[in-house]
Amino acid sequence: MATLRICPSPLASINKKRLQSMPQRLRGRSASIIVARAYKVEIEQDDGRNTTLEVDEDETILSKALEMGMSVPHDCKLGVCMTCPARLLSGTVDQSEGMLSDDVIDRGYALLCSAYPRSDCHFRIIPEEELLSLQLATAND
């Protein structure tokens, strides 16, 4: 179930990329309250441990996992190296900033570094090779 957080500043819940994409007329304005959603994200690790995190809609799954001290495979944090792959077992995410093909995303794969929750989610971390072979196969289609 999603929770709502009340932030004191409109910029408190917006990352730099999203701030830059906002219309100029909105960037300079200050508001007294802004509401940011947070979602429950369950992550199954390859060692059998399950961890549930509360992730704001403007932060990536990977950044929250690392902030909470989880050991999650990763490298570039930009959605291009594919070292943080996972299967999205349930829920929805925005991963439009990543480099996965639409075919791969449609099959339920995600990169945790470029996945922003849009609902409560359940992920299973997978070996990098599983995603690489699929991404390469769809690139040749």
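Residues numbered from 1 in each chain as written. Predicted model: local features only at pLDDT ≥ 70, side-chain atom pairs only at ≥ 80, totals over all residues. Heavy atoms only, no water.

**A look at the overall build of the protein chain**
Okay, step 1: Each helix and strand in the protein chain was counted, giving five helices and eight strands.
Okay, step 2: Among the 141 residues that make up the protein chain, the fraction classed as buried is 39%.
Okay, step 3: For the protein chain, the proportion of contacts with a sequence separation of at least 24, taken over those separated by at least 6, is 61%.
Okay, step 4: Carbon together with sulfur atoms contributes 51% to the accessible area of the protein chain, which is approximately 8,100 Å² in total. (Helix = DSSP H or I, 4+ residues; strand = E, 2+ residues; numbered from the N terminus. Buried < 20%, exposed > 50% of the residue type's maximum accessible area, 1.4 Å probe, protein only. Contact = heavy atoms within 4.5 Å. Areas by Shrake-Rupley, 256 points an atom, 1.4 Å probe, with all protein chains shown as cover.)

**With respect to the confidence of the model for the protein chain**
Okay, step 1: Taken as a whole, the protein chain shows an average pLDDT of 81; of its residues, 72% reach a score of 70 or greater.
Okay, step 2: Taken as a whole, residues 6–13 scores under 50 in pLDDT and shows 20 contacts with residues more than four places along the chain or in a different chain. (pLDDT = per-residue confidence, 0-100.)

**Points about the environment of Leu111**
Okay, step 1: Position of Leu111 relative to the elements: it lies in strand E6 (residues 109–111).
Okay, step 2: With relative accessibility at 0%, the residue Leu111 sits in the buried group.
Okay, step 3: Taking the C-alpha atoms as reference points, Leu111 and Ile125, 14 residues apart in sequence, are found 9.5 Å from one another.
Okay, step 4: Contacts of Leu111, omitting those with residues within four sequence positions, involve Gly79, Met82, Cys84, Pro85, Gln95, Leu100 and Leu131.

**Comments concerning the nonpolar core**
Okay, step 1: Core analysis: the biggest nonpolar cluster contains 28 residues, and Ile43, Ile61, Leu112, Phe123 and Leu131 have the highest contact counts within it.
Okay, step 2: Secondary-structure elements contributing two or more residues to this core are strand E2 (34–44), strand E3 (50–56), helix H3 (61–67), strand E4 (85–90), E6, strand E8 (121–125) and helix H5 (128–139).
Okay, step 3: What Phe123 contacts, discounting residues up to four positions off in sequence, is Val41, Glu42, Ile43, Glu44, Ile61, Ala86, Arg87, Leu88, Leu89, Val93, Ala110 and Leu112. (Core = buried A, V, L, I, M, F, W, Y, C linked by side-chain atoms within 4.5 Å.)

**Observations regarding the pattern of salt bridges**
Okay, step 1: Applying the stated rule across the entire model yields five salt bridges.
Okay, step 2: Residue Glu44 pairs with Arg124 through a salt bridge whose shortest N-O separation is 3.2 Å. Taken as a pair, Glu44 in strand E2 and Arg124 in strand E8 lie far apart in primary sequence, 80 residues in all.
Okay, step 3: Here Asp47 makes a salt bridge to Arg49, at a shortest N to O gap of 2.7 Å. (Salt bridge = Lys/Arg side-chain N within 4 Å of Asp/Glu carboxyl O.)

**What about the packing of aromatic side chains?**
How two aromatic rings sit relative to each other is given by the distance of their centres and the angle of their planes.
Okay, step 1: Under the counting rule described, the total for this entry stands at zero aromatic pairs.
Okay, step 2: Geometry around Tyr109 places Arg87 over its ring, the cationic atom sitting 4.3 Å from the centre. (Phe/Tyr/Trp six-rings, centres within 6.5 Å; stacked < 30°, edge-to-face > 60°. Lys NZ or Arg CZ within 6 Å of the ring centre and 35° of its normal.)

**A closer look at unusual backbone geometry**
Okay, step 1: A positive phi angle, near 65°, is found at Lys77, a position not held by glycine.
Okay, step 2: Along the chain, Lys77 turns up in the loop between H3 and E4.
Okay, step 3: Unlike most non-glycine residues, Met82 shows phi in positive territory, near 65°.
Okay, step 4: The buried category is assigned to Met82, whose relative accessible area is 9%.

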